[in-house]
Structure formats: C-alpha cells, structure tokens
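Chain by chain, the residues:
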Amino acid sequence: MMTLYPKLILDALATVRYPGNGLSLAENGMLEDDLRIDGTKVSFSIVFEKIPDPFAKSVVKTAEAAIHTLVSPDVEVSIHTKSRQAQRPEPGKMLPEVKNVVAVSSGKGGVGKSTVAANLAVALAMQGKSVGLLDADIFGPSVPKMFHLEDERIFAWEKDGRQLLIPAMKYNVKTLSMGFFVNPQTATLWRGGMASNTLKQLIADADWGALDYLVLDTPPGTSDIHLTLLQNLAVTGAVIVSTPQEVALADARKGIDMYRNEKVNVPILGLVENMAWFTPAELPENRYYIFGREGVKRLAEAMQTTLLAQIPVVQGICEAGDEGEPVALHPETTVGQAFHNLAKAVVKAVEARNATMPPTEIVGVRK
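Fair warning: this is a prediction, and the values are worked out from it, not measured in the lab.

Regarding the layout of surface pockets
For step 1, the next point in the chain: Reported here for the largest pocket is a volume of approximately 570 Å³.
For step 2, the next point in the chain: Around the largest pocket sit 22 residues that line it, and Lys 50, Pro 52, Arg 88, Gln 201 and Asp 205 are the ones nearest its centre.
For step 3, the next point in the chain: Every element with two or more residues in the lining of the largest pocket is listed here: β7 (162-165) and α5 (192-204).
For step 4, the next point in the chain: Residue contributions to the lining of the largest pocket peak at five residues, all from α5.
For step 5, the next point in the chain: Residues belonging to the lining of the largest pocket are distributed by class as follows: ten nonpolar, seven polar and five charged.

This is the structure:
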C-alpha cells in the first residue's frame, strides 16, 4: 500500500504557479495550513485574494494534476478554495443599512429619467434625508456629468475584512457610477454578463453605509441590468418617468408592467410627467404643451397609480445638468420647487407603501 506523507504533497504543489504573477502557491502564501492525509486521500485548501478569482479553476486543476503526476495517479485529491476577503453578502442582504431603495425608470430613453433621478436625490438630501444615488446605466452613465464629477477618482478601503469602494460625495449625496471607471469618450463594449457583474460590484462592494434612500438611475427599457437589480436588491418601489407624448406613454406602460409582473412584484410609487409643458422666460404665465397635454396624468389614472409630479420644460434644467449643478439646488425657482415637491411626494408614497405592504422580496434566480 502506498504511503503518503506531507513533504511528498508539498513538493508536488511547489511546482504549481499562480498565473496572475508567476509565483508558486507557497511563495504567494496561498496554501492553508490544513493539509490532511488519510490513507490515499489528501485534502487541503488554496487561499485566493478574493472569490471569484479568474484563475481559481485552472489553479485547482493544475494542483490536482501535479499530485497525480509527481506522487501517484491513485491519490484522491480534495481541494477547497478560500478567500482572504470576507465574502460578499448574499442577494437581498447586500445593503442592510439602507432603509429604502427607489428605482427611477423609464420605458424609453430621452424622457429625462436621469435628470429626474439626480434632482430627486439632491432634493431628498436637502430635506434632511441621508441619500445615495447609484447610476445603474452601465452603458450610458450620466451622473458624473450631472454632478460635475467627470474627473472623480474612486478609491477603496478595508472594512470588515473586505475591500470596499468609497462612493463620491457631492451635494450631500453619495454616488457611484460606471462613468467613474471608464473613459467618457470610449464606448463600453461589454456583454450582458460583464455589465451585470460590474453592477453587482457597485452595489455590494461599496461602502454605502446607512441611508434613508438609495435612488437607482436605471437604464431605459427592460434589460439584463433591471433583472440584476431585482435579483440582488429588494426595491421598495419604482418611480416611472415619461413625457406626455403617446410614443413615450406606450413604453412607460411596459415599464410599469415589468415591475407589476407577478414574479417581480415591486410597487409603483407613482409616475412623473417630465417636459409637461414649456413656459418661455419672457411669458411666465403661458404654457405651451409641445409634447402633448397631461398624457402621463391620464396614464396614472388608467393604471390606478399616483401622478407624483409634473415637471415643465425649462432651459435652465438642461443648462444646470450640463454644468453639474442640479436645478433642485435652487428651490426658490419654479422648476426647483417642482423637484422638491416630487421629493415630498416620493417620501409620502414610500411611507404609505411601508405602512401597508410587506417588504419586497428579490426576484428568484433560475437554477
């Protein structure tokens, strides 16, 4: 009968190198001090910096092959993988200190969803709430521009055994965006899985801390990104943004249906009619309904939900966004007050929802 002893196994493992830096497992300190030998059975652990590790599978296979080749093909090898970092919290429990998660969504692009999300977050913060803003539009992030944070560099620190990103702070709003990590002049050419994994990092691998509200600026439409959010975050409720025109309302209905789907079951807090009318500065009493009149109001009635706000078309909104100074910072203006009224309506809707409905459950992941 073959006799195994630790040095035989360790000598075989000394030939295994970690592809990330070319050093052996021992040189990297990746071999846990838990080698066990029971007859022809061998078990031990390989410690990676974090799990998942892109080289984990290949390292495990190489370690098994080294033992079978240099010791004996009859050895039964059992290898466990561990991480030096504490594990990421499981879906649904990623943000235990966040009281409410509000998704700002739209059925189609170009209706001002990001503008509404940014100004809602700022208005909530100005009303004394602790607020975070997650730019979940991985392929078209706009929050860095709207908060004048184009040159922001995000750092990380160690907390509770994990390396966590530190959100940028502007206007008393904590914010993270894919735009902080990519060249704004370069298109993000990623498959859906890569985008979803990045979004999970922005959610779970960041130090959001205690928040009254985390506002999600979601991408337009219904996509993998929405599913990733719903599978990992218990969304308190959704705010649907649309312009009054029929083509936008048709897509808004799809957005409402996505959240109301029985497998999703996220409450609709209400609708926002953006670009509701145009008022020229020289004729402040006049209203011109250039995209249609009260289409979102009628949709809210038809879908039996609340019209949270009507936001007019004002040149200053666009200019403020381009300059990185959300118009909600100026509640003395008509449109600034409109966003503050929206924030109050959202708070009221969230409180009513929490008082009458159970917490939202995350969407189950198909096995």
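Looking at the side chain of Asn 28
For step 1, the next point in the chain: Relative to the helices and strands, Asn 28 resides in the loop between α1 (6-13) and β1 (36-38).
For step 2, the next point in the chain: The residues contacting Asn 28, other than those within four sequence positions of it, are Tyr 18, Asn 21, Leu 23 and Arg 84.

Regarding the pairing of strand β12 (residues 268-278)
For step 1, the next point in the chain: The buried fraction of β12 is high, at nine of eleven residues.
For step 2, the next point in the chain: Pairing of strand β11 (residues 237-242) with β12 involves five bridges; the strand directions are parallel. What sits directly across from Val 239, in β12, is Gly 270.
For step 3, the next point in the chain: Between the parallel pair β11 and β12, the chain is carried across by helix α7 (residues 246-260), and the sense of this crossover is right-handed.
For step 4, the next point in the chain: Strand direction decides the pairing type here: β12 and strand β13 (residues 307-313), joined by five bridges, are parallel.

Scoring rules and cut-offs
Residues numbered from 1 in each chain as written. Predicted model: local features only at pLDDT ≥ 70, side-chain atom pairs only at ≥ 80, totals over all residues. Heavy atoms only, no water. 1 Å grid on protein atoms, 1.4 Å probe; cavity = no way out; pocket = protein on both sides within 12 Å on 5 of 7 lines; lining within 4 Å. Points joined across faces, edges and corners; volume = space filled by probe spheres on them. Helix = DSSP H or I, 4+ residues; strand = E, 2+ residues; numbered from the N terminus. Nonpolar A, V, L, I, M, F, W, Y, C, P; charged D, E, K, R; others polar. Contact = heavy atoms within 4.5 Å. Buried < 20%, exposed > 50% of the residue type's maximum accessible area, 1.4 Å probe, protein only. Pairing = 2+ DSSP bridges. Right-handed = clockwise from strand over helix to strand, strands pointing away.

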